[in-house]
Amino acid sequence: MSSSSIEEIVQDCLAVRVRLIARAVTALYDGALDGHGVTIAQLNLLAALGRIGPCPPATLGATLQLERSTVSRNLGLLMRHGWIEACSSDAKGVREVAITPAGRAKIESVVPAWRRAQEQAAELLGTAGVLAMQEMAADLGYPPTR
């Protein structure tokens, strides 16, 4: 690889920049949620499920663009805490998951910490960055519809 190729990647790669920003923002939220027994990834899975309603895990994965193993691992943890439950909704017994009252209560209990992280993330990204993130996420189908 020529040094010009290296420089091109280092100077221009959008993927590395998005990943750096994502890690910085995730750290803000996870730091704020520390001690609440939930990560920002798990909280967003729980909130998406609360918004969508009972659905197969694959629907949550598609909504949040998560790999099957990530969804499975996080749903298992949320289930162990009693924040979601498994249910079947049709004759084929297709497994669906639903948020529980305890899950809704968990969301409510972490909102003050989440709001603090939200303010810090908005400060880090700036107004233009926040608007750009919201627009890009909307183009990818987020937030989910019911």
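A quick note: this is a predicted structure, and the numbers were derived from the prediction, not measured.

(A) Geometry of the overall build of the chain. Per the secondary structure count, the chain includes six helices and two strands. Along the three orthogonal principal directions, the C-alpha set of the chain runs to about 60 × 35 × 25 Å. Counting every position in the chain, which comprises 146 residues, the buried fraction comes to 28%. Partitioning the contacts of the chain with sequence separation of at least 6, the portion at a separation of at least 24 is 55%.

(B) Expanded view of unusual backbone geometry. Note the cis peptide between Y142 and P143, where omega equals 15°. Of note, P143 is situated in the segment after helix 6 (101-139). Within the chain, Q65 stands out as a residue other than glycine whose phi angle is a positive 50°. Judged by relative accessible area, Q65 falls into the exposed class, the value being 56%.

(C) Looking closely at the nonpolar core. Membership of the largest hydrophobic core comes to 27 residues, with the highest contact counts inside it found for L43, L46, L49, L60, L75, L78 and I84. Those elements that place two or more of their residues in this core are helix 2 (14-33), helix 3 (40-52), helix 5 (68-80), strand 2 (95-99) and helix 6. If you tally residues by element for this core, the top one is helix 3, at seven residues. With residues up to four places along the chain from it excluded, the contact list for L43 reads L33, V38, I107, V110 and W114.

(D) Molecular detail of the environment of L49. In this structure, L49 sits in helix 3. Residue L49 is classed as buried on the basis of its relative accessible area of 1%. A C-alpha to C-alpha distance of 6.3 Å links L49 and I99, two positions 50 residues apart in sequence. Filtering out sequence-adjacent residues up to four positions away, L49 remains in contact with C55, L60, I84, V97, A98 and I99.

(E) Molecular detail of the packing of helix 3 against helix 6. Taken N-terminus to C-terminus, the directions of helix 3 and helix 6 make an angle of 130°; their axes are 11 Å apart at the nearest point. The orientation of helix 3 relative to helix 6 falls into the category oblique. In terms of crossing hand, the pair formed by helix 3 and helix 6 is left-handed. Facing helix 3, whose interface residues are I40, L43, L46, A47 and G50, helix 6 presents G103, R104, K106, I107, V110 and W114. In terms of residue class, the contact of helix 3 with helix 6 is made up of seven nonpolar, two polar and two charged.

(F) Quick look at the environment of L60. For L60, the position within the fold is in helix 4 (residues 57-64). Here L60 falls in the buried class, since its relative accessible area comes to 0%. Along the backbone, L60 and V97 are 37 residues apart, and their C-alpha atoms lie at a distance of 9.5 Å. With residues up to four places along the chain from it excluded, the contact list for L60 reads L45, A48, L49, I52, C55, L75 and V97.

(G) Fine view of a nonpolar patch on the surface. A cluster of nonpolar side chains, I21, M133 and M136, forms an exposed patch at the surface whose accessible area comes to about 260 Å². Residue placement: M136 occurs in helix 6.

What counts, and where the lines are drawn
Residues numbered from 1 in each chain as written. Predicted model: local features only at pLDDT ≥ 70, side-chain atom pairs only at ≥ 80, totals over all residues. Heavy atoms only, no water. Helix = DSSP H or I, 4+ residues; strand = E, 2+ residues; numbered from the N terminus. Buried < 20%, exposed > 50% of the residue type's maximum accessible area, 1.4 Å probe, protein only. Contact = heavy atoms within 4.5 Å. Core = buried A, V, L, I, M, F, W, Y, C linked by side-chain atoms within 4.5 Å. Axes fitted to C-alpha atoms, helices over the stretch in contact; angles between N-to-C directions. Parallel < 35°, antiparallel > 145°, perpendicular 65-115°, else oblique. Left-handed = near helix turned anticlockwise from the far one by under 90°. Nonpolar A, V, L, I, M, F, W, Y, C, P; charged D, E, K, R; others polar. Patch = residues over 30% accessible without salt bridge, like charges linked within 9 Å, V, L, I, M, F, W, Y side chains within 5 Å. Areas by Shrake-Rupley, 256 points an atom, 1.4 Å probe, with all protein chains shown as cover. Salt bridge = Lys/Arg side-chain N within 4 Å of Asp/Glu carboxyl O.

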